[in-house]
Amino acid sequence: TQSTRPQRMLAAVQKNATRGDPRSVVKAIDQFCRQKEWAMNVGDEKGCILDSVVSEVNPATVLELGTYCGYSTVRIASLLPPHAKLITLEFNPDNAVIARQVIAWAGLEDKIQLVEGASGDWIPKMKEEFGVKTFDLVFLDHWKDRYLPDTKLMEECGLLRKGSILLADNVICPGTPDYLEYVRNSPRYKSQYFKSHLEYTKVEDGLEKSVFLG
Ligand SMILES: CNc1ncnc2c1ncn2[C@@H]1O[C@H](/C=C/CNC(=O)c2cc(-c3ccc(F)cc3)cc(O)c2O)[C@H](F)[C@H]1O
Ligand SMILES: [Mg+2]
């Protein structure tokens, strides 16, 4: 039977990356996507911007919306301080199966909690289910038309505090126009655009970093 692209990506990790070495996992996926098959990971160019924001924020609690195969999950978690926690939401069970194995290969199970389910269902349950008060950093990389409703939901559920950082992928390509308009015009956010390129291509894309002002 035919394999899927996530399955082939996992095979590339298991073949080319060193167990317990997150950076080698990131490198193996980027190599696979450049040389074999494009896939919608944040990628190495935008990944460097992601790394610099994570290092600057040095978050104790991180929420990722849209795990896919776990590339950005591993990339973020590899930079977290010892007791920090990353919760990542993924509602496609086939993706979750792959992501769990990528996370395990990187040896980051202790820092990452992959929750199978939809952001809209789980955001309201974060506090009671995971004992989370607020998130220091949220990485948005799921369906692009869900960035805005989920941001409003996080506000309503009190998951953002003064200084919480939202970092959104793909604000140009495929684009998240309603989200951009909101974070750039709302008095409750201070936003900054990091110009880059769509993963593994020369097409323009970028990350939007928005600080919640409370
Ligand atoms: C809605 N709530 C969700 N809750 C939990 N998991 C979710 C939810 N929604 C999706 N997922 C989960 O999050 C992932 C979805 C990622 C979507 N990403 C993209 O579409 C995306 C697309 C491009 C792209 C650009 C140009 C082009 F020509 C073709 C593609 C580039 C990118 O970097 C992207 O991130 C996963 F698949 C889905 O199950
Ligand atoms: Mg993306």
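My aim in this report is to walk through the structure given alongside it, one point at a time. Please read all numbers here as calculations on a predicted model, not as lab measurements.

### Side note on the environment of E156
So, step 1. With respect to the element layout, E156 can be found in helix α8 (residues 147–156).
So, step 2. With a relative accessible area of 64%, E156 lands in the exposed category.
So, step 3. Along the backbone, E156 and P124 are 32 residues apart, and their C-alpha atoms lie at a distance of 8.7 Å.

### Side note on the side chain of T67
So, step 1. Tracing the backbone through its elements, the reader meets T67 in the loop between β1 (61–65) and α4 (71–77).
So, step 2. When residues no more than four places from it in sequence are discounted, the contact partners of T67 are T73, T88, L89, E90, A99 and L114.

### Notes on the packing of helix α2 (residues 22–35) against helix α5 (residues 93–106)
When two helices pack together, their arrangement is given by the angle between their axes and by how far apart the axes lie.
So, step 1. Two elements in contact, α2 and α5, have axes separated by 8 Å at closest approach and are oriented at 135°. The orientation of α2 with respect to α5, classified from their angle, is oblique. Note on element contacts: α5 touches α2 through V102, W105 and A106, opposite P22, V25 and I29.
So, step 2. Classifying every residue of the contact of α2 with α5 by side-chain character gives six nonpolar, no polar and no charged.

### What about the side chain of D150?
So, step 1. On the secondary structure map, D150 appears in helix α8.
So, step 2. Sequence-distant contacts of D150, that is, excluding residues within four places in its chain, are made with L65, S119, G120, I123 and H142.

### Let's talk about unusual backbone geometry
So, step 1. Following C173, the chain continues to P174 via a peptide bond in cis, the omega torsion being 5°.
So, step 2. Counting through the fold element by element, P174 comes out in helix α9 (residues 171–175).
So, step 3. At Y68, a position not held by glycine, the phi torsion is positive, near 55°.
So, step 4. Structurally, Y68 can be placed in the loop between β1 and α4.
So, step 5. Accessibility expressed as a relative area gives 14% for Y68, which makes it buried.
So, step 6. Phi at N170 takes a positive value of approximately 65°, unusual for a residue other than glycine.
So, step 7. Position of N170 among the secondary structure elements: in the loop between β5 (160–168) and α9.

### Considering the sheet that holds β1
So, step 1. The mixed open sheet is built from seven strands, whose spatial order is β3-β2-β1-β4-β5-β7-β6. Edge positions in the sheet fall to β3 (112–116) and β6 (189–197), since each of these pairs with one other strand and no more. Averaged over all pairs of adjacent strands, the angle between their axes in this sheet comes to 15°, without regard to strand direction.
So, step 2. Along the sheet face, α5 touches β2 (85–90) and β3 and points at about 170° away from the line of β3.
So, step 3. Each of β1, β4 (135–140), β5, β6 and β7 (204–212) touches α8; the most contacted strand, β5, lies at about 165° to it.

### Brief notes about the site of ligand 1
So, step 1. With respect to spatial proximity, 23 residues lie near ligand 1, and among them E90, S119, D141, N170 and E199 are the closest.
So, step 2. Here a nitrogen atom of ligand 1 sits 3.2 Å away from a polar atom, N or O, in the main chain of F91.
So, step 3. Protein chains bury 82% of the 780 Å² of accessible surface belonging to ligand 1 in isolation.
So, step 4. Sorting the residues of the shell around ligand 1 by element identifies β2 and α9 as the ones contributing at least two each.
So, step 5. When its residues are assigned to classes, the shell around ligand 1 shows ten nonpolar, seven polar and six charged.

### Here's the deal with the pattern of salt bridges
So, step 1. Counting across every chain of the model gives 16 salt bridges.
So, step 2. Put simply, E37 and R5 hold a salt bridge, and the shortest N to O gap is 3.0 Å. With a gap of 32 residues between them, E37 in the loop between α2 and α3 (43–57) and R5 in helix α1 (residues 5–16) connect regions that are remote in the sequence.
So, step 3. Judged by relative accessible area, R5 falls into the partly exposed class, the value being 34%.
So, step 4. Linked by salt bridges that have partners in common, K46, D169, E199 and D205 make up one network.

### Here we look at α8
So, step 1. In terms of burial, α8 is a largely internal element, seven of the ten residues being buried.
So, step 2. Along α8, the positions that sit buried rather than exposed are Y147, L148, D150, T151, L153, M154 and E155.
So, step 3. With its phi angle positive at about 65°, G158 sits one or two positions after the end of α8.

How each quantity is defined
Residues numbered from 1 in each chain as written. Chains lettered and ligands numbered in written order. Predicted model: local features only at pLDDT ≥ 70, side-chain atom pairs only at ≥ 80, totals over all residues. Heavy atoms only, no water. Helix = DSSP H or I, 4+ residues; strand = E, 2+ residues; numbered from the N terminus. Buried < 20%, exposed > 50% of the residue type's maximum accessible area, 1.4 Å probe, protein only. Contact = heavy atoms within 4.5 Å. Axes fitted to C-alpha atoms, helices over the stretch in contact; angles between N-to-C directions. Parallel < 35°, antiparallel > 145°, perpendicular 65-115°, else oblique. Nonpolar A, V, L, I, M, F, W, Y, C, P; charged D, E, K, R; others polar. Pairing = 2+ DSSP bridges. Near = heavy atom within 4 Å. Polar contact = N/O pair within 3.5 Å; in protein donor to acceptor, adjacent residues only side chain to side chain. Areas by Shrake-Rupley, 256 points an atom, 1.4 Å probe, with all protein chains shown as cover. Salt bridge = Lys/Arg side-chain N within 4 Å of Asp/Glu carboxyl O.

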